[in-house]
Amino acid sequence: MKKRYLLPLVLFALSSCSKDFLNQKDPNAIQIEDYFKSENDVLLAVNGLYQTLRSGSTIGEGSTLYNEERSDNTGRNDNQSNAGEPFQFNDFSLLPSNTYLKTHWAAMYAGISRCNVVLSHINDVTFSSEELKGRYVAEAKFVRALLYFHMVRKFGDIPLSTVQVTSKEQANELAFRQKEAVVYEQIIKDLTEALSSNLPNTQKDYAIGRTSKAAINAILGQVYLTLGATQTTGNAENFAKAEQFLNAAYQMRTFGKLNEIPYTQVFDLTQKKTCKELVFQIQYKQGDQNFSSSIARNYQAKGDTINSKYPSTGVGEVVKLDLIKDYEPQDLRKDFSVKFAKDPQVNDWFVTKFRDNSDAAGTNGWGGNDWILIRYADVMLLLAEAKYRLGKDVEAIALLDQVRERAGLPSYAKSILSNEYRTKYPTLKAAILHERRVELAFENQRWFDLIRNYNPQELVTYFKTKSQADYGNAKISNISTKDRYYPIPFDEYKLDPQRMYQNPGY
C-alpha cells in the first residue's frame, strides 16, 4: 500500500444542527450529512483524526504543560506570564477557571467528536473492500480510545460519548460524568475491537504516523497496567492482561536487543521513517510554516544553538535539578537530553533531546521532529513493570537491563550492590520507575507514571521528600491529595453542578 503523509487535506464540521437562526445551511460550509460519499472521503476524515493529535492542546509535542510540567521533571519559574496560569500546573495551585485547562478539555473532546462523526457515518459509504472499511473503523476507535485514556487519567470521572452529537438536547443528555470504570470499559472495547481488524503489525507496513497492531497492543497493555495499579479489585487479572498485550507488542518488534538501536538514533530526523524502535509517532513536516515542528526552537535557551538555528531569547524548556540529580554517572542519555545554558541570564538546565538545527529548518526553526507517542523502550519498561507486579522479577530485570545496557550503565544486579543506588532505589519497582524517568524524560510519560505507581497520599509523600532548592519556584508544599486529579473546568461544572460535579478539594 502506498504510504501517505497525514497532513490535513480537508476541513469539515464536527457536528451538525437541525435548526439555526434562519433554518438554512451555510453555503460556504461542508455539512456532515453531505460529506461522506466515497472511500476517499473517509480516508480524508480519518487523516483528520490524526491531525487532531498534532495540537499542543491535545497530546502533540506542545502538550507538555498537561503532562511533563505537572511532574517533577520540568516546569517554569515564571509565575507572571499569561496571568501565571501555566505556572499553576506545576505549582499545584491549579484553579478550575484556568483557561489552559479549559482549552485542553475542549480540544480533547473535539478530537473525540471527530472520531464519533467518522464512526457514525462510515456506513454511509459503499466500500470496495470490507477489510479497508474495517481498517478505518479500527483507526478511529484507536484515536478515540487514546484520547479518552489521557482524559480519564487526568480528570477521573468524565463525560462519555460514542455517537455523533446532533442537537443541544442530545448534548445535554450526555453531559454528565461517567465513572472511571465505565470509561475504561469503553477504552478497552475500542482497542480490543481495533485489534480484530486487518491493520498490520507495524506502522512501516502501512504508513508512518498511522496506528498498527503493535501500537494498539501497547496502549491496551498500558490501560490494563493502569487499572491493575489503581483500582481496588481485579488487580492480578489486570496485570496478567497487561503482560499479555505488552508482550504482544514487544514480540512485533523487528530488531533483536535494544542496544542494536543507539539512543540518539531514536530522535535522529534522518531516521524517523526507518528507526526500528518507533511504534507510533505524530508527523511534522520540516521547513513548512504550518506543519513543521517547533519543539527544537521552543526548547532552545538563549545563547545556545544546539537545538535550532532559531535565535532564542528565552530559557527553553526548564529542567528541574531534581531530575538532573537522578541521572546516574556515565548515563549516555544525560548529555544528549539536557544541557546547562551558556547565557548567564538563563542560568539553568534546558532540554536538548529534540533537535533540528539544519539549514532546512533554518532560522525560523521550522523543524522536522516527529512527536513520538510509543517506542519500544517504553513498551519494555511497562512490560517489566507488569512482570514485577506478577512476581516475575527475573524476567522484569532482563528487560530493565536491556534499557540500562544501551544507556551505558551496569546491570541491575551490579547496580544494586552500590549503596548509593540501593538507597535511592531500594525496590525493583523504584528501579523501574527511575529508569522510565531518565529514559523517557520530556516525552510526557512522567506524570502518568507517578499517578500509576503512587496513590494520592503516597504522591503527596513522594513530592514532599524532595528538596525545594531542586524544584524551582513552584512550591512543593502546595501539593495535597486533591492534586491526583485535575479540576473539572469551571464552565463545564457550572452547566450542571450535580451531574458535572467538581473533583474533591477544588
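Reading the values: rules and limits
Residues numbered from 1 in each chain as written. Predicted model: local features only at pLDDT ≥ 70, side-chain atom pairs only at ≥ 80, totals over all residues. Heavy atoms only, no water. Helix = DSSP H or I, 4+ residues; strand = E, 2+ residues; numbered from the N terminus. Rg over C-alpha atoms; globule rule 2.2 N^0.38 Å. Buried < 20%, exposed > 50% of the residue type's maximum accessible area, 1.4 Å probe, protein only. Contact = heavy atoms within 4.5 Å. pLDDT = per-residue confidence, 0-100. 1 Å grid on protein atoms, 1.4 Å probe; cavity = no way out; pocket = protein on both sides within 12 Å on 5 of 7 lines; lining within 4 Å. Points joined across faces, edges and corners; volume = space filled by probe spheres on them. Nonpolar A, V, L, I, M, F, W, Y, C, P; charged D, E, K, R; others polar. Polar contact = N/O pair within 3.5 Å; in protein donor to acceptor, adjacent residues only side chain to side chain. Axes fitted to C-alpha atoms, helices over the stretch in contact; angles between N-to-C directions. Parallel < 35°, antiparallel > 145°, perpendicular 65-115°, else oblique. Left-handed = near helix turned anticlockwise from the far one by under 90°. Salt bridge = Lys/Arg side-chain N within 4 Å of Asp/Glu carboxyl O. Pairing = 2+ DSSP bridges.

A.B. asks: What should I look at first to understand the overall build of the chain in this one?
C.D. replies: The secondary structure content of the chain amounts to 21 helices and 6 strands. Relative to the compact-globule value of 23 Å for 506 residues, the chain shows a C-alpha radius of gyration of 23 Å, a close match. Along the first, second and third principal axes, the C-alpha atoms of the chain reach 70 × 55 × 50 Å. When burial is assessed residue by residue, the chain has 56% of its 506 residues classed as buried. For the chain, contacts bridging at least 24 residues in sequence account for 70% of all contacts bridging at least 6.

A.B. asks: For this particular structure, what's the right way to read the confidence of the model for the chain?
C.D. replies: Low pLDDT marks regions whose predicted coordinates should not be analysed in detail. When pLDDT is averaged along the chain, the result is 93, and 94% of the positions lie at 70 or above. Note on residues 1-29: pLDDT under 50 across the span, and 53 contacts to partners over four residues away in sequence or across chains.

A.B. asks: Can you help me understand empty space enclosed by the protein in this one?
C.D. replies: Remark: the empty space left among the atoms is shown by a probe the size of a water molecule rolled over them. Under the defined criterion, the tally for this structure stands at 7 cavities of 30 Å³ or more. Taken as a whole, the largest cavity spans an internal volume of roughly 170 Å³. What lines the largest cavity is a set of 18 residues, among which Leu-146, His-150, Arg-153, Leu-373 and Gln-445 lie closest to the centre. Looking at the lining of the largest cavity, the elements that each hand over two or more residues are α5 (130-155), α8 (213-230) and β6 (371-375). The biggest single contributor to the lining of the largest cavity is α5, with 4 residues. When grouped by side-chain class, the residues that make up the lining of the largest cavity number 9 nonpolar, 6 polar and 3 charged. By volume, the second largest cavity amounts to about 90 Å³.

A.B. asks: Please explain the side chain of Thr-352 as it appears in this structure.
C.D. replies: Among the secondary structure elements, Thr-352 is positioned in the loop between β5 (349-351) and β6. Reaching out from Thr-352, the side chain makes a polar contact with the backbone oxygen of Phe-336 at a distance of 2.8 Å.

A.B. asks: In this structure, what is going on with the packing of helix α18 (residues 428-439) against helix α19 (residues 446-453)? I would like to understand it.
C.D. replies: How two helices pack is summed up by the angle between their axes together with the distance between the axes. Close contact between α18 and α19 brings their axes to 10 Å; oriented N to C, the two are set at 165 degrees. Taken together, the axes of α18 and α19 are roughly antiparallel relative to one another. Every pair of crossing elements has a handedness; the one defined by α18 and α19 is left-handed. Within the contact between the two elements, α18 uses Lys-429, Leu-433, Arg-436 and Arg-437 and α19 uses Arg-446, Asp-449, Arg-452 and Asn-453. Of the residues contributing to the contact of α18 with α19, the split by class is 1 nonpolar, 1 polar and 6 charged.

A.B. asks: Explanation requested: unusual backbone geometry in the structure shown.
C.D. replies: Generally, phi is negative for residues other than glycine and the peptide bonds are trans, each holding for most cases. Of note in the backbone geometry, Asn-82 takes a positive phi value of approximately 50 degrees without being a glycine. With respect to the helices, strands and loops of the structure, Asn-82 is situated in the loop between β1 (74-75) and α3 (87-91). In this structure, Asn-444 takes a positive phi of about 65 degrees despite not being glycine. Looking at the element boundaries, Asn-444 is found in the loop between α18 and α19.

A.B. asks: Teacher, can you tell me more about the environment of Leu-95 here?
C.D. replies: As for its placement among the helices and strands, Leu-95 is situated in the loop between α3 and α4 (99-121). Accessibility expressed as a relative area gives 42% for Leu-95, which makes it partly exposed. Sequence separation of Leu-95 and Pro-489 is 394 residues, and the distance between their C-alpha atoms is 8.3 Å. Those residues in contact with Leu-95 that lie beyond four places of it in its chain are Gln-88, Leu-101 and Pro-487.

A.B. asks: Honestly, the pattern of salt bridges in this entry has me stumped. Any pointers?
C.D. replies: Two side chains that carry opposite charge are able to pair once their charged atoms sit near each other. Scanning the entire structure with this criterion turns up 42 salt bridges. Across the salt bridge formed by Arg-404 and Glu-435, the nearest N and O atoms sit 2.8 Å from each other. With Arg-404 in helix α15 (residues 393-406) and Glu-435 in helix α18, the pair connects residues that are 31 residues apart, well separated along the chain. On the basis of relative accessible area, Glu-435 is assigned to the buried category, the value being 0%. Put simply, Glu-277, Glu-328, Asp-331, Arg-333, Lys-353, Arg-375, Arg-404, Arg-406, Glu-435, Glu-439 and Glu-443 are held in one network by salt bridges that share partners.

A.B. asks: Please clarify how the pairing of strand β2 (residues 278-282) should be interpreted in this entry.
C.D. replies: A regular strand carries its side chains on alternate faces of the sheet. With 5 of 5 residues buried, β2 is to be regarded as a mostly interior element. Relative to β6, β2 is paired through 4 bridges, and the arrangement is antiparallel. Bridging from a neighbouring strand, Gln-281 pairs with Ile-372 of β6.

A.B. asks: Whenever I open this one, the packing of helix α2 (residues 39-53) against α4 confuses me. Can you help?
C.D. replies: Interaxial distance between α2 and α4 falls to 9 Å at its minimum, and their mutual angle equals 165 degrees. Classed by the angle they form, the pair α2 and α4 counts as roughly antiparallel. Seen along the crossing, α2 lies across α4 with a hand that is left-handed. Mapping the contact onto sequence places Ala-45, Val-46, Gly-48, Leu-49 and Thr-52 in α2 and Gly-111, Arg-114, Cys-115 and Val-118 in α4. Considering only residue class, the contact of α2 with α4 consists of 5 nonpolar, 3 polar and 1 charged.

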